[in-house]
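Coordinate analysis (summary)
Here are the chains, one letter per residue:
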2 protein chains.
Amino acid sequence: MADSKSITMKDVAREAGVALGTVSKVVNGIPVGKTYQRRVEDAIEKLGYHVNPQARALRSSRSNFIGVILPNLRNPFFSRLADCLCRELSHRSHEMLLFLTESNFDLEQAYMLMSEQQMVSGIICLTYNPELRIPKGIPTVSIDRSLGPGIACVASDNFGGGSLAARKLMENGCKRLAFLRTGSSLPNETDKRRDGFIRACTDAGIPYHCECVDDGTPYSAFEAFLAAHLHDGRLDFDGIFCATDLLAYKVRRTLLQMGLRVPEDVQIIGYDGAQCFGDEDYYCSTIVQPVEEMARLCVDLVLQSRARSIPCLLQIPVTYASGGSTRD
Amino acid sequence: MADSKSITMKDVAREAGVALGTVSKVVNGIPVGKTYQRRVEDAIEKLGYHVNPQARALRSSRSNFIGVILPNLRNPFFSRLADCLCRELSHRSHEMLLFLTESNFDLEQAYMLMSEQQMVSGIICLTYNPELRIPKGIPTVSIDRSLGPGIACVASDNFGGGSLAARKLMENGCKRLAFLRTGSSLPNETDKRRDGFIRACTDAGIPYHCECVDDGTPYSAFEAFLAAHLHDGRLDFDGIFCATDLLAYKVRRTLLQMGLRVPEDVQIIGYDGAQCFGDEDYYCSTIVQPVEEMARLCVDLVLQSRARSIPCLLQIPVTYASGGSTRD
């Protein structure tokens, strides 16, 4: 690594056994064949090559920074997303300028402007402000929320995930289902978790109940809801799909406090695929978001040529993982 | 926020009711009285003021970026550290350029050079490379590892924490203690967790066993160790201090698989203060690292005038939290 400053694209091309133009494409985020991509990346890593940022900025009038705007890094879904985005950007010779908003509308807007001022070459964001103004001319990719025409939205298959959760509960013998949700009341892709759940219940002719609580409402609203549905030690529901793993975690704790057993009396499925310590056990049975693939797609989209037509929504398939809160 | 671009330091000074020079100091990370600091920060937040980065860079020949170099964001200690650092830097009108190394020596060095090339105004890092070369003239703060003279190292009170863990186990009735550790074999501040543990055991005249396994050794080494110390369903130890919460989590799982009860048969204390979903229950009884205070101190140090003398090690006190794996 001692000489990494003096290593050039030519050295990388020689090491990888590819043409100089191929290295240039990879470094600038232009797609090449998978084998070539990997060979160039390996050579870059081996030689410790990195692009001279001043030279790049001079050529392009943009830095190789990508502004990444997220609510926080305490929620494991966001921290895993940030982890994958950062490593994927590094792989593509870009750096991550991170902004955390706590979902505050004003901060979301301020960081958009700040990203523009810092001459980022793209923005990847997960925001809630419905009136967010996106800087013109900066490729922007949104996660879980449509920000309008020309801006790609990347999400997991929320509808399919909601539907899968209902079917898994039914396969495990549940006959009285409930869907619980908390989160932003503003329309976003994650709303489809409920739609998919309802569709699967309706198709199967199984009764269901939906309890959605807006952001800002304390969790005690769910405690009251569950208590109101407890009769003679028996809950009205034997299967609950929660819109996030965090909510599933809290609901499980509440049910245990109410003297109910999970999964014997009530089975629970969450959504996200959060794991203890980042990559140990799942907290609960869950619909797993493909965070690594979502991050890779976000980076692909934000670095790709602006000339291409961009789909408005890109959904990535989810999977189910049993994690102790269901009978499977 | 619509007019945030045109808001000046003068507006902030008027809103805060302070002199222009006070605002300038706060924005540039120069210490002022606490009341003034808070009033200026509140005004900055209320008005959505942000520094013009080009103007700042022109004046100072440095950006307002701080390079933050961490292993990953999957481990909850690192993600919480990154969360706190990012918000603290924003408060002080700086932006976080994040690099993730997976503790790879070459990447740690490459990101140091890259931070220099990006003209960062400071570096905050948690690294393992003993031969890391630090760019000259860039204020650098290290976490948990001494990087040499002139570079402040911020850490929790690892010695005090190890000692506290041993004392808590003894207070809870443990008479045969063990310390388990995995991690880097290179000297670093976290080694003192063991030293503090040994000191407390020695002072109390209680026997102890230390089992330290180097990085790269699979966890199964601990399984073999625990199995070798199980005789007729009874473990040689009734109290175990693990150097991290992650290790405590795994050890607890292993003990349960061996038919032992936690905390009835064996009590466990971890280190870090990791919480489920970032801020729900502790995973286990634990020595809590004051991550927010550590992050604030790192930012204070990296932004402060270089003229001051810098202590080589700054330790912040830890606390104990009961989390179900001990009898208290």
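In this section: the relation of the copies chain B and chain A. Under the fitted operation, chain B is carried onto chain A by 0.1 Å of movement along the axis and a turn of 180 degrees, and the coordinates agree to an RMSD of 0.1 Å. The relationship between the two copies is best expressed as a two-fold rotation axis. Proximity to the rotation axis, assessed at the C-alpha, singles out Leu97(B) in chain B; its C-alpha lies 2.3 Å from the axis. Most of the interface of chain B is mirrored in chain A, where 100% of its interface residues are also at the interface.

It is worth spelling out the confidence of the model for chain A at this point. Residues and elements named next belong to chain A. On average, chain A scores 89 in pLDDT, and the residues at 70 or more come to 92%. Confidence drops under pLDDT 50 across residues 1-5; counting only partners more than four residues distant or on other chains, this segment forms ten contacts. When the criterion is pLDDT under 50, residues 53-59 qualifies, and its contacts beyond four places in sequence or with other chains add up to 16 contacts.

A covalent bond bridging the sulfur atoms of two cysteines is what the word disulfide describes. Residues and elements named next belong to chain B. In total, this model carries zero disulfides over all chains according to the counting rule given. A disulfide-free cysteine, Cys210 has its sulfur positioned 5.7 Å from the sulfur of Cys212, the nearest such atom. Judged by its relative accessible area of 26%, Cys210 is partly exposed. In this model Cys242 remains outside any disulfide bridge; the closest cysteine sulfur is found in Cys284, 7.8 Å from its own.

We now examine helix 7 (residues 158-171) of chain A. All names here are of chain A. In this model helix 7 runs 20 Å from its N-terminal to its C-terminal C-alpha over 14 residues, within 8% of the 20 Å that 1.5 Å per residue would give. With ten of its 14 residues buried, helix 7 lies for the most part within the structure. Those residues of helix 7 that fall on the buried side of the exposure criterion are Asn158, Gly161, Gly162, Ser163, Leu164, Ala165, Ala166, Lys168, Leu169 and Met170. Downstream of helix 7 by a residue or two, Gly173 has a phi angle that is positive, lying close to 95 degrees.

It is worth spelling out the interface of chain B and chain A at this point. Taken together, the contact pairs 50 residues of chain B with 50 residues of chain A. Buried surface at the junction of chain B and chain A, summed over both partners, amounts to about 4,800 Å²; 60% is from carbon and sulfur atoms. Asp281(A) serves as the salt-bridge partner of Arg253(B), at 2.6 Å between the closest nitrogen and oxygen. Along the contact surface separating chain B from chain A lie 21 residue pairs in polar contact (both at pLDDT 80 or more). For the side of chain B that touches chain A, the secondary-structure elements that each account for two or more residues are helix 4 (53-60), helix 5 (76-91), strand 2 (95-100), helix 6 (105-117) and helix 10 (245-257) of chain B. Residues belonging to the side of chain B that touches chain A are distributed by class as follows: 25 nonpolar, ten polar and 15 charged. As paired strands, strand 2 (residues 95-100) of chain A and strand 2 of chain B are joined by three bridges and run antiparallel to one another.

Here the focus is the packing of helix 9 (residues 220-228) of chain B against helix 10 of chain B. Residue and element names in this part refer to chain B. Between helix 9 and helix 10, whose axes approach to 11 Å, the crossing angle comes to 45 degrees. Judged by the inter-axis angle, helix 9 sits oblique to helix 10. In this structure, helix 9 meets helix 10 at a crossing whose hand is right-handed. Contacts between helix 9 and helix 10 involve Phe222, Glu223 and Leu226 on the former and, on the latter, Leu247, Val251, Thr254 and Leu255. Looking at the contact of helix 9 with helix 10, its residues break down into five nonpolar, one polar and one charged.

For the structure on display, the rule yields two cavities of 30 Å³ or more. One number sums up the size of the largest cavity: a volume of about 210 Å³. Forming the boundary of the largest cavity are 22 residues, of which Arg74(A), Pro76(B), Ser79(B), Gln275(B) and Gly278(B) lie nearest the centre. Secondary structure elements with two or more residues in the lining of the largest cavity: helix 5 (76-91) of chain A together with helix 5 of chain B.

How each quantity is defined
Residues numbered from 1 in each chain as written. Chains lettered and ligands numbered in written order. Predicted model: local features only at pLDDT ≥ 70, side-chain atom pairs only at ≥ 80, totals over all residues. Heavy atoms only, no water. Least-squares fit on C-alpha atoms with pLDDT ≥ 70 in both. Contact = heavy atoms within 4.5 Å. pLDDT = per-residue confidence, 0-100. Disulfide = S-S within 2.5 Å. Buried < 20%, exposed > 50% of the residue type's maximum accessible area, 1.4 Å probe, protein only. Helix = DSSP H or I, 4+ residues; strand = E, 2+ residues; numbered from the N terminus. Expected span 1.5 Å × (residues − 1). Buried area = accessible area lost by both parts, 1.4 Å probe. Salt bridge = Lys/Arg side-chain N within 4 Å of Asp/Glu carboxyl O. Polar contact = N/O pair within 3.5 Å; in protein donor to acceptor, adjacent residues only side chain to side chain. Nonpolar A, V, L, I, M, F, W, Y, C, P; charged D, E, K, R; others polar. Pairing = 2+ DSSP bridges. Axes fitted to C-alpha atoms, helices over the stretch in contact; angles between N-to-C directions. Parallel < 35°, antiparallel > 145°, perpendicular 65-115°, else oblique. Left-handed = near helix turned anticlockwise from the far one by under 90°. 1 Å grid on protein atoms, 1.4 Å probe; cavity = no way out; pocket = protein on both sides within 12 Å on 5 of 7 lines; lining within 4 Å. Points joined across faces, edges and corners; volume = space filled by probe spheres on them.

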